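Analysis of the macromolecular model
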Amino acid sequence: MGRRLVRSASGPSARATSPVTESAAREPDAVHARGVTVRYGPRIVLDDVDLDLAGGELVALVGENGAGKTTLMSCLTGAVRPSSGTVSVLGRDGATAFREGLVAAVWQDLALCDNLTITGNLFLGRELGRTFLARNAMRQRALATLDVLGLDLGDLGRRVGELSGGRRQAVAIARAVVGNPRVLVLDEPTAALGPTETGLVERLLRRLRRQGTAILLISHRMDQVFGLADRVVALRHGRVVGNVSTVAAHADDVIALMSGLQVDSVARRHLQRLSSLVDQLAGVGPSASLPLIVSSMATAFGQPQLCVHLRDPHHTERLRLAASIGLSPTVLARLQTVQVGVAGGPIGEAAEQEVPIVADDLRPGSPAWAGVDGLDSAWSVPILGNHGALGVLTGLAPARGRPRDDQLQLASVYANLASAALERERLLHDVTRRNAVLESLRHMLDALAGPEQLDQGLRGALDRLRHGLGAAEVALFECAGPTLLVRVKANGAPAPARRPAQGPGPARPLADIVRAVCAADDWIGGVRRLAPGVAAIPLVADGARLLLAVRWVTSGPVDAVGEDLLENAAGSLRLAVERENARGAQADAEASRRTGIVQRDFVQRLSHELRTPLTAIRGYASTLLQTDVDWDAGSQRRFLTAIAGESARLGRLVGDLLDSSTIEAGVLPVHPDWCDVRTVLESAAAAVAGQAVAIESADVPPLWADHDRLEQVLVNLLDNAFRHGAGRVRVTARVEHVAGTHQMLIEVADEGAGVPEHLWEEFFQPGTRGDTRTAGAGLGLAICRGIMTAHAGRIGFVPVPSGTLVRVSLPLDPKPSDAGRDGLPTGAAVTRTGSALPDGGQGG
């Protein structure tokens, strides 16, 4: 298979666009002609011609035969005097400049003497010597001139008639420059020369231009004009019709100026097509760019078979077909995947070497494309990005041959457009992904900063992280030594995977994959790839070792954007956990502070309550013990009665403290037995001395309860009702068996001001008193709830239109079927916990 490696553009168009960089600074206005007009009778040969030529500049003068090119050259050398206008050559008129040797000319017929030697022609009319010719001096000077020009004409004693055309032209040019002219004018210097001689003359002209000589070249050869000249001046019918740069113009444009006819320029068509393509690419999405480029290129090249291959993101040594046009099903199937390198044919070589590759004969066979019929030649141009070849643009043909250099250069332009489209797609993808990362982080922070508890906020944050990463599962593990605990987990139903992360059978649990990280000694942050499609990042929050793990739908590698999101998410989760721990510690400290205040107040109030009966007992006892006073029997009895009452009060306080302690410890002793509830209620009413209690009772069955503890509860409720009844003495106690159940209801109601509903639970708090003006430690209702809890019963306030109603619900016997039915209406404030002293209560 024949191949040609194309590494750079070659030919005339590859030269420097301006020779100024190769020579000394140009001398401005070496030639300055304005309004030059030449008439021969009624015929106008030149009509108001303007021309400027700077030192070190090569200007091509073009035009059809009879346009006036040679006449303008004659005006510059002084051979023809203009009818009007001015010609200035380095500040002198043309004739003077020619006599002084400032301007020299090479005419189309060369004007050489064939019978003279090379040296004789070089110094014809300018011979050295006075009486005799200084042949040796002329020869030395001729050698020096030819050496400066880089010419090797051999023996200078040869006659010019024996030389080839190229060497004759070189002698004519050397004769023109032997006097070191500042301006050189040449009329068709290579018209009758072959390629070798033409190359010799062109190299000579480039050397003169680099030396600062201003050159005016008359030529009909467009390739020579655009290979040598900096500017092109076009004449038509004696007038200047164009003065254009060879960089901006094309040969077809110059031909159109010379002929006056509109020429359909190939370059113009390509420029228009490229301009239209750029406009279309700006208006379509990135996915439609490559097919659009391939379609436009097929039209521009007239080549019906084109394709574009791009690097596989998961296998960089493999190229995948991205777009094509005109390929047969056989070729399509064969070129779906191509290896980078020689094994991939011209496509793989272009991707590897990053230069255009031409295979002009595929018929001998190629291991890469064996068995593909209808392919005899191909060329491939790499699509280069910032970090190497992104893909390859390829043209295929069913015949042997190679594209022209300008076609390869044009293909490189289309490849650059494809590169821009791919880079645009990549940037758009990166921006979209980064926006998704920022949006996911924002949602995570919103979830973590919300009012929910930490675990609930973490669950919402991980779910948003899963969506942001496009993952199937995200989990936060806590590692306590070798033990792995799942703290929060978020998973969803992933879309079908192109490449499953696991093989056949059930997926391996994520906890099993990350367990090895938990057992490792080092705990350093950073994304760790644990398995195909699984990554994790360790973090430490308040000394606890946490592990954020992610499982993707596919087993592809984690990209840089995904790693950034993982690291930022890990940092956010760590801060959230530390913030929650700090908030919990602050709450514990605040609760401890408030508990200390409550305990201090309770101890102060309790000490006061204990000190009052002790003071009374001590006072009465010391009074009775005085020996200097004799108390009568009535006074002694009154003192002893007070001592007995205060002792009983002190005993009740101590008993309440003991009951409260046993309730807090959860070991309140109860001794249940069958008892008559009405009898217990009457005993409690009698214990409230001096108060009238209205008892409402129907026939109720016996109750399995501790008689003394139940009476203690009822005494406390009746005593509270009388003491907080705002002066009203009517208190009602009612006992009822709820029909169809095993529940007994006992209600105590008063006609007082009532208890606000928002304080119901607070009144069951130990140490809380309904009226601070009354005596008591505030343990009554808390003890009542503890006793009811020990009986598997309930106690709480019930809403009534006026006054206060406290309801007690007890099971008739400890049957499991009745354990969950309390007979209380909806809305009753009943504590359903097994704690002996739950939060809330009413004391007194």
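Scroll up a little and you will see the structure.
Below, the structure is looked at part by part. Treat the numbers as computed from the prediction; the structure is a model and nothing was measured.

A closer look at the sheet that holds strand β7 (residues 183–187)
Strands sit in the order β6-β7-β8-β4-β9-β10 across an open sheet of six strands; the sheet is mixed. Both outer strands of the open sheet, β6 (103–106) and β10 (239–245), are each paired with one neighbouring strand and no more. Sheet twist, expressed as the average angle between the axes of neighbouring strands with direction ignored, equals 20°. In the sheet, β7 pairs with strand β8 (residues 214–218) via five bridges, with the strands oriented parallel. Paired with Val185 across the two strands is Leu216, which belongs to β8. Seen against the sheet, helix α6 (residues 195–210) touches β4 (58–63), β7 and β8 and runs at an angle of roughly 150° to β8.

Quick notes on the pattern of salt bridges
Oppositely charged side chains may form a pair once their charged atoms are brought near each other. Per the counting criterion, the structure on display carries 17 salt bridges. In this structure, Arg34 and Asp52 form a salt bridge, with 2.8 Å as the shortest nitrogen-oxygen distance. Here Arg34, found in strand β2 (residues 31–40), pairs with Asp52, found in strand β3 (residues 43–53); they are 18 residues apart in sequence, far enough to count as distant. Overall, the relative accessible area of 31% leaves Arg34 in the partly exposed class. For Asp52, a relative accessible area of 26% gives the class partly exposed. Between Asp114 and Arg168 there is a salt bridge, and its shortest N-O distance comes to 2.7 Å. A residue pair is termed long-range when its members are at least 10 positions apart, and Asp114 in the loop between β6 and α3 (118–122) and Arg168 in helix α5 (residues 165–177) qualify at 54 residues.

Some words on the packing of aromatic side chains
For the coordinates displayed, the defined rule picks out three aromatic pairs. Between Trp631 and Phe639, the aromatic rings sit 5.2 Å apart at their centres with planes inclined by 75°, giving edge-to-face as the arrangement. Assessed through its relative accessible area of 7%, Phe639 is described here as buried. Measuring from centroid to centroid gives 5.2 Å for Trp674 and Trp704, while their planes differ by 70°, and the two rings are edge-to-face. Here Trp704 lies in strand β24 (residues 703–705) and Trp674 lies in strand β22 (residues 673–675), a separation of 30 residues in the sequence.

What to know about unusual backbone geometry
Unlike most non-glycine residues, Glu354 shows phi in positive territory, near 60°. We note that Ala792 has phi near 60°; this positive angle belongs to a residue other than glycine. Looking at where Ala792 falls in the secondary structure, it is placed in the loop between α20 (780–790) and β27 (794–797). The exposure class assigned to Ala792 is partly exposed, which follows from its relative accessible area of 46%.

Structural notes on the sheet that holds β2
With respect to topology, three strands assemble into an open sheet ordered β3-β2-β5, the strand pairing being antiparallel. Of all the strands in the sheet, just β3 and β5 (84–89) have a single pairing partner and so form its edges. Pairwise comparison of adjacent strand axes, ignoring direction, gives a mean angle of 20° for this sheet. Where β2 and β3 come together, seven bridges link them in antiparallel fashion.

Some words on helix α19 (residues 707–723)
Over its 17 residues, α19 extends 24 Å from the first C-alpha to the last, a length consistent with the 24 Å expected when each residue adds 1.5 Å. Among all positions of α19, only Arg709, Leu710, Glu711, Val713, Leu714, Asn716, Leu717, Leu718, Asn720, Ala721 and Phe722 are buried. The opening residue of α19 is Asp706, an N-cap whose side-chain oxygen sits 3.1 Å from the backbone nitrogen of Asp708.

Details of the packing of α5 against α6
In the contact formed by α5 and α6, the axes pass within 8 Å of each other and the chain directions differ by 20°. Here α6 runs roughly parallel to α5, going by the angle between their axes. Crossing of α5 against α6: the hand is right-handed. Contacts from Gly165, Gly166, Gln169, Ala170, Ile173 and Val177 of α5 reach α6 at Glu197, Leu200, Val201, Leu204 and Leu208.

A short note on the pairing of strand β21 (residues 544–552)
Summarising burial for β21: seven of the nine residues are buried, a large majority. Relative to β21, strand β17 (residues 471–480) is paired through eight bridges, and the arrangement is antiparallel. Within β21, the position partnered with Glu478 by the bridge is Leu546. In terms of strand pairing, strand β20 (residues 534–541) meets β21 through eight bridges, oriented antiparallel. Bridge pairing in β21 places Leu539 opposite Leu546. Hairpin remark: β20 followed by β21, antiparallel, with two residues in the connecting loop; positive phi at Asp542, about 55°.

The rules behind each value
Residues numbered from 1 in each chain as written. Predicted model: local features only at pLDDT ≥ 70, side-chain atom pairs only at ≥ 80, totals over all residues. Heavy atoms only, no water. Pairing = 2+ DSSP bridges. Helix = DSSP H or I, 4+ residues; strand = E, 2+ residues; numbered from the N terminus. Axes fitted to C-alpha atoms, helices over the stretch in contact; angles between N-to-C directions. Contact = heavy atoms within 4.5 Å. Salt bridge = Lys/Arg side-chain N within 4 Å of Asp/Glu carboxyl O. Buried < 20%, exposed > 50% of the residue type's maximum accessible area, 1.4 Å probe, protein only. Phe/Tyr/Trp six-rings, centres within 6.5 Å; stacked < 30°, edge-to-face > 60°. Expected span 1.5 Å × (residues − 1). Polar contact = N/O pair within 3.5 Å; in protein donor to acceptor, adjacent residues only side chain to side chain. Parallel < 35°, antiparallel > 145°, perpendicular 65-115°, else oblique. Left-handed = near helix turned anticlockwise from the far one by under 90°.

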